[in-house]
Every structure is written in C-alpha cells, then in structure tokens.
Amino acid sequence: MPKYVIERELPGAGQLSADELHAISGKSNAVLAGMAPRAQWLHSYVTTDKIYCVYVAEDEAAVLEHAENGGFPANVISRVSTVIDPVTAE
C-alpha cells in the first residue's frame, strides 16, 4: 500500500498533555480498527502547532475517511514517492 504524510493543523499541539495525546491516539486507533486493513497509522511527529502523521493506506480517500470519522483535520495529504536516508548517498 502507498505511504502518506498527513499535515494536521492543530494550534497548541506541542502543549497537549500526555492524557490528551492518549485520547487522540485512542480515537485514531478505534477508527482505524473499523477500517482495517485499508489504512494503518505508523507514527506521528508533534510540533508546536501541527501534527505530521505517517500512514499506509489503500488510497487518499481512506486517509480522508479516517480524518472525517475521527474528527481530525487533514489539511495536506501527500503521497510518498520514495524514502531516502544517509545510506542513499553510499
């Protein structure tokens, strides 16, 4: 399945408490359980005012469905073309 990076604008994201992050993660997991195997959450990066999530999903529509059913913003959805790292230069 393709990999996607989802940019979620969430003012104050970096100030969310552990309990708030736990609740958000739980909601995401519950929605994904109902969508399996069409989408899977790999991990997220929380910054000051945004959360960047990495998913594998059958298509962009599945990513949007997760966002809508979970009540999460999905301001930008980008399909990953390839992944590079320091070893790519070798």
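If you're wondering where the values come from, they're calculated on a predicted model, not measured in any experiment.

So, how was this worked out
Residues numbered from 1 in each chain as written. Predicted model: local features only at pLDDT ≥ 70, side-chain atom pairs only at ≥ 80, totals over all residues. Heavy atoms only, no water. Buried < 20%, exposed > 50% of the residue type's maximum accessible area, 1.4 Å probe, protein only. Helix = DSSP H or I, 4+ residues; strand = E, 2+ residues; numbered from the N terminus. Pairing = 2+ DSSP bridges. Salt bridge = Lys/Arg side-chain N within 4 Å of Asp/Glu carboxyl O. Contact = heavy atoms within 4.5 Å. Expected span 1.5 Å × (residues − 1). Arc of directions from axis to C-beta.

Visitor: It is not clear to me how the pairing of strand β3 (residues 50-57) should be interpreted in this structure. Could you clarify?
Guide: Every regular strand shows the same layout, with side chains that alternate between the two sheet faces. The element β3 is extensively covered by neighbouring structure, given that six of its eight residues are classed as buried. In this structure, strand β1 (residues 3-9) lies alongside β3, joined through seven bridges in antiparallel fashion. The residue bridging Glu9 from the neighbouring strand is Lys50, located in β3. The turn joining strand β2 (residues 39-46) and β3, which pair antiparallel and follow one another in sequence, is formed by three residues.

Visitor: What am I meant to see in the pattern of salt bridges here?
Guide: Pairs can form between side chains of opposite charge once their charged atoms are near each other. Applying the stated criterion to the full structure yields three salt bridges. Close ionic contact of Arg38 with Glu58 constitutes a salt bridge, the shortest N to O distance being 2.8 Å. With Arg38 in the loop between α1 (18-35) and β2 and Glu58 in the loop between β3 and α2 (60-70), this pair connects stretches of sequence that are 20 residues apart. With its nearest N and O atoms 2.6 Å apart, the salt bridge here joins Glu65 to Arg38. One end of the pair, Glu65, is in helix α2; the other, Arg38, is in the loop between α1 and β2, and 27 residues separate them in sequence. Relative accessible area serves as the criterion here: at 27%, Glu65 is assigned to the partly exposed category.

Visitor: What am I meant to see in the environment of Ile77 here?
Guide: Locating Ile77 in the fold gives a position in strand β4 (residues 76-79). Under the relative-accessibility criterion, Ile77 is labelled buried at 17%. A sequence separation of 13 residues divides Ile77 from Glu90, and the C-alpha atoms of the two residues are 30 Å apart. Setting aside residues up to four positions removed in sequence, Ile77 forms contacts with Tyr4, Val5, Ile6, Glu60, Val63 and Leu64.

Visitor: What am I meant to see in α1 here?
Guide: Because each turn of an α-helix spans 3.6 residues, side chains separated by three or four positions in sequence point in the same direction. Compared with an ideal rise of 1.5 Å per residue, which puts 18 residues at 26 Å, α1 spans 26 Å between its outermost C-alpha atoms and is within 8% of the ideal. Buried within α1 we find Ser28, Val31, Leu32 and Met35. Buried residues in α1, looked at end-on, bunch into an arc of 100 degrees, giving them a common side. Residues Ala18, Asp19, His22, Ala30, Ala33 and Gly34 are exposed on α1 and point more than 90 degrees away from its buried face. As for α1, its buried residues are in contact with β2, β3 and α2.

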